[in-house]
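Each chain is listed here by its residues.
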Amino acid sequence: MDVLGRYEPLVENVEAFRAACERPLPSVVRVNTIKADAERARRTLEASEIGYESPGWQPGLFGLDTEKPGATWGSFHGWWHGQEEVSAIPAPVLDPQPGERVWAACGAPGSKASHLAALMDDSGTLVANDRSLGRLSALRFNLERLGVTCAAVTNRDARNFSLQPFDFAEFDRALVDAPCSCEGTIRKNPDAFEEWSEGYLDSVSTLQRSITERAIQATREGGRVVYSTCTFAPEENEAVLDNVLESEDCRLVEFDLALDHDAGITEWRGEEFDSSLRKAKRVYPHQNDTGGFFCARLEVGG
Amino acid sequence: MTGAPEPGSGDEDDGDGGERENDGSRFDRLPPSPEERRVAGRPTREEVLEWWADRYGVPRETFAEQSFWEKGSGKIWAFAGESPSPVAIEGLGLTFLRTRQEYWKPTTNAVQRFGHTATRNVIELEKGEARAFVAGHDQAIEWDGDWGYLIAAHDIDGLEPLGVGLYLHGELRSQVPKGRRREF
């Protein structure tokens, strides 16, 4: 199955898209401001033998010229965290504030959850949840290594998540970084297409919709929900949100992203989506030499 | 808190007949003081603050935003968020300190997060020693101070805590847990 071929009608430069998907992914770290600021990280890199560059679209990201970003002093101290460059997109779009109640609905392995905690200045309550017990240990390990103290870690099914363990009834903000077919990680995981099938898209999109609906229900009126995936499939992106817009009281909101990107689409294989889905953003690998990503910002309450 | 950790339990019982046993399946907030202690052997917030100040000179204010919780016997967590007590979830902040033993032991993550203001029982390692320490090796190092759990630190753009070392008989034993060890 030529999975990428499905998306040729969506991308302007098909050759560049396909070529980028063939190339390995550069190694990127995000500075963890709970433990170090970007300047200290930069000074440490200057003093080391590791070459680096700053992607520039977001402060505190460094591309490291090493095969093993984990084998660095900065990693050991938790000053930075190795992650895909595009995975640094959704936390600033959610923009959680110190003192707020924030939900990372699918929080493992913790790159984005720890980014949320850092944006909160490690103050407030971050409920970092994941359904998979196996992935929960990675979540806890990463949060602790990065010095996060504001996180409560839960192991629930996000679709029917209950706030019962806590003293509050709703979140200020929620991030749904949904389980997905991970097509956009093909540069990192060459096996990403092995399990791919249209049947899987059907089942995972049902799951994505349920989690997003629950996130909107659990977020206060006027609060914010960000939906993101690392996949190109409109079935898992715009189509999911089109359904959510119908079932829940929420709307899509514009946001800025200083990476080259395309707007969300409003038509796919004969199906039409709400015109507000243009406010979502699609990042293709050839646009910024990254992985692929989808991100949308929702406001709760019309 | 001088001398070396020895085998044996330091558990205390303050003799209140109404006390309960520790329940290891949930997080319980530490009582502020001994008068409010309801679970046998549970340390108080005051004792934890005092211990960091006595042992390492870490000011009490360092932990102003943190509440302390016990889950499991003697395992103390530091949490900056809001939660009722008790709460049965998987994690609450970071694992912080091991108590209910004669010599309390801070975690690597706690020392990295809160150890910058330590003024005593901090052993500064040279570059090669620091690498051996984070690889998990024990090494012979001279040290004039107390034996027991020390904060190991090195100079990297300022003095930075690496983790916890157990100093005994002229040897610093790295306590960096397996998953946190690095060789580079």
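Nothing here was measured: the structure is a model prediction, and the numbers come from that model. (Residues numbered from 1 in each chain as written. Chains lettered and ligands numbered in written order. Predicted model: local features only at pLDDT ≥ 70, side-chain atom pairs only at ≥ 80, totals over all residues. Heavy atoms only, no water.)

Chemist: Help me understand the overall build of chain B in this model?
Modeler: Helix and strand counts for chain B stand at three helices and 11 strands. Going from N to C terminus, chain B has its helices and strands arranged as β-α-β-β-β-β-β-α-β-α-β-β-β-β. Across the 184 residues in chain B, those meeting the buried criterion constitute 51%. Long-range contacts, defined as pairs at least 24 residues apart, comprise 57% of the intrachain contacts of chain B with a sequence gap of at least 6. Working note: accessible area of chain B is about 8200 Å², and carbon and sulfur atoms make up 44% of it. (Helix = DSSP H or I, 4+ residues; strand = E, 2+ residues; numbered from the N terminus. Buried < 20%, exposed > 50% of the residue type's maximum accessible area, 1.4 Å probe, protein only. Contact = heavy atoms within 4.5 Å. Areas by Shrake-Rupley, 256 points an atom, 1.4 Å probe, with all protein chains shown as cover.)

Chemist: Before we go on, may I ask you to explain the side chain of Arg282 of chain A in this structure?
Modeler: Summarising the element assignment, Arg282 of chain A is placed in strand S14 (residues 281-283). A distance of 2.8 Å separates the side chain of Arg282 of chain A from the side chain of Glu238 of chain A, its partner in a polar contact. (Polar contact = N/O pair within 3.5 Å; in protein donor to acceptor, adjacent residues only side chain to side chain.)

Chemist: Just checking my understanding: could you explain the domain arrangement of chain B for this structure?
Modeler: By a widespread convention, an interface's size corresponds to the accessible area lost as its parts come together. Residue and element names in this part refer to chain B. Here chain B is partitioned into domain 1 (28-110) and domain 2 (121-180). Put simply, the middle of domain 1 and the middle of domain 2, counted by C-alpha atoms, are 24 Å apart. Taken together, the nine residues of domain 1 in the interface contact 14 residues of domain 2. Of the roughly 950 Å² buried where domain 1 meets domain 2, counting both sides, 52% is carbon and sulfur surface. A per-residue breakdown of the area domain 1 buries against domain 2 is headed by Arg55, Tyr56 and Thr108, which together make up 62% of the total. Taken together, domain 1 and domain 2 are joined by one salt bridge. A salt bridge links Arg55 to Asp146; the shortest N-O distance between them is 3.8 Å. Inspection of the region where domain 1 meets domain 2 yields six residue pairs in polar contact (both at pLDDT 80 or more). For the side of domain 1 that touches domain 2, the secondary structure elements donating two or more residues are helix H1 (45-56), strand S6 (105-106) and helix H2 (108-114). Here the side of domain 1 that touches domain 2 is composed, by residue class, of four nonpolar, three polar and two charged. (Domains from an automatic or database assignment. Buried area = accessible area lost by both parts, 1.4 Å probe. Salt bridge = Lys/Arg side-chain N within 4 Å of Asp/Glu carboxyl O. Nonpolar A, V, L, I, M, F, W, Y, C, P; charged D, E, K, R; others polar.)

Chemist: For this particular structure, what's the right way to read the interface of chain B and chain A?
Modeler: If you look at the interface, chain B gives 38 residues, while chain A gives 37 residues. In total, about 3100 Å² of surface goes out of reach between chain B and chain A, with carbon and sulfur atoms giving 54% of it. Per-residue buried area on chain B facing chain A is highest for Glu82, Glu90 and Asp157 of chain B; these three make up 20% of the total on that side. Ionic pairing is found between Arg40 of chain A and Asp157 of chain B, a salt bridge with its closest N-O pair at 3.2 Å. At the junction of chain B and chain A, the tally comes to 23 residue pairs in polar contact (both at pLDDT 80 or more).

Chemist: Could you clarify how one ought to interpret the pattern of salt bridges in this entry?
Modeler: When the charged atoms of two side chains with opposite charge come close together, those side chains can pair. Summed over the entire model, instances satisfying the criterion amount to 31 salt bridges over all chains. Between Asp2 of chain A and Arg18 of chain A there is a salt bridge whose closest N-O contact spans 2.5 Å. With Asp2 of chain A in the segment before helix H1 (14-22) and Arg18 of chain A in helix H1, this residue pair connects regions lying 16 residues apart in the sequence. Owing to a relative accessible area of 44%, Asp2 of chain A belongs among the partly exposed residues under this scheme. Of the charged contacts, one joins Arg43 of chain A and Asp157 of chain B as a salt bridge, the two residues approaching to 2.8 Å between their closest N and O atoms. With Arg43 of chain A in helix H2 (residues 38-47) and Asp157 of chain B in the loop between strand S9 (148-155) and strand S10 (159-168), the pair connects residues from two separate chains. Classification of Asp157 of chain B by relative accessible area gives partly exposed; the value is 35%.

Chemist: Sorry if this is basic, but what is going on with the sheet that holds strand S3 (residues 61-64) of chain A here?
Modeler: What links the strands of a sheet is backbone hydrogen bonding, and the strands pair in either a parallel or an antiparallel sense. Residues and elements named next belong to chain A. The four strands are arranged S2-S3-S1-S4 in an open sheet whose pairing can be described as antiparallel. Edge positions in the sheet fall to strand S2 (52-53) and strand S4 (80-82), since each of these pairs with one other strand and no more. The pairing of S2 with S3 spans two bridges and is antiparallel. Bridging from a neighbouring strand, Glu53 pairs with Gly63 of S3. (Pairing = 2+ DSSP bridges.)

Chemist: Just to check I follow, could you spell out helix H6 (residues 133-145) of chain A for this structure?
Modeler: In an α-helix, one turn spans 3.6 residues, which is why side chains three or four residues apart end up on the same side. Residues and elements named next belong to chain A. Under the 1.5 Å per step criterion, the end-to-end length of H6 is 19 Å for 13 residues, consistent within 8% with the ideal 18 Å. Looking at H6, one finds that the buried residues are Leu136, Leu139, Asn142, Leu143, Glu144 and Arg145. Taken from the residues just after H6, Gly147 is the one with a positive phi, measuring 75 degrees. (Expected span 1.5 Å × (residues − 1).)

Chemist: Can you help me understand the state of the cysteines in this one?
Modeler: Where two cysteines share a covalent bond between their sulfur atoms, that bond is called a disulfide. All names here are of chain A. Per the counting criterion, the structure on display carries zero disulfides over all chains. Here Cys182 stays free of any disulfide, with the sulfur of Cys230 as its closest cysteine sulfur at 3.9 Å. With relative accessibility at 27%, the residue Cys182 sits in the partly exposed group. (Disulfide = S-S within 2.5 Å.)

Chemist: Any chance you could explain the sheet that holds strand S7 (residues 122-125) of chain B here in plain terms?
Modeler: The mixed open sheet is built from five strands, whose spatial order is S7-S9-S10-S11-S8 (chain B). Edge positions in the sheet fall to S7 and strand S8 (139-140) of chain B, since each has one partner strand and no second.

Chemist: I tried to follow the side chain of Thr231 of chain A on my own but got confused; where do I start?
Modeler: Residues and elements named next belong to chain A. For Thr231, the location among the structural elements is in the loop between strand S9 (219-229) and helix H8 (238-247). What makes Thr231 buried here is its relative accessible area of 1%. A polar contact of 3.2 Å, which involves the side chain of Thr231, links it to the side chain of Glu183. Contact partners of Thr231, with chain neighbours within four places excluded, come to Cys180, Ser181, Cys182, Glu183, Gly184, Glu236, Asn237 and Phe294.

Chemist: I tried to follow the packing of aromatic side chains on my own but got confused; where do I start?
Modeler: The geometry of two aromatic rings is summed up by the distance between their centres and the angle between their planes. All names here are of chain A. Applying the stated criterion across every chain yields a total of 27 aromatic pairs over all chains. Ring centres 5.8 Å apart and planes at 85 degrees place the aromatic pair Phe17 and Tyr284 in the edge-to-face group. Linking Phe17 in helix H1 with Tyr284 in the loop between S14 and helix H9 (285-288), this pair joins segments that are 267 residues apart in sequence. You can call Phe17 buried: its relative accessible area is 0%. Taking the centre distance of 6.4 Å and the plane angle of 70 degrees together, the rings of Tyr227 and Phe294 count as edge-to-face. Here Phe294 lies in strand S15 (residues 293-300) and Tyr227 lies in strand S9, a separation of 67 residues in the sequence. For the pair shown, Tyr227 and Phe294 are each scored as buried. (Phe/Tyr/Trp six-rings, centres within 6.5 Å; stacked < 30°, edge-to-face > 60°.)

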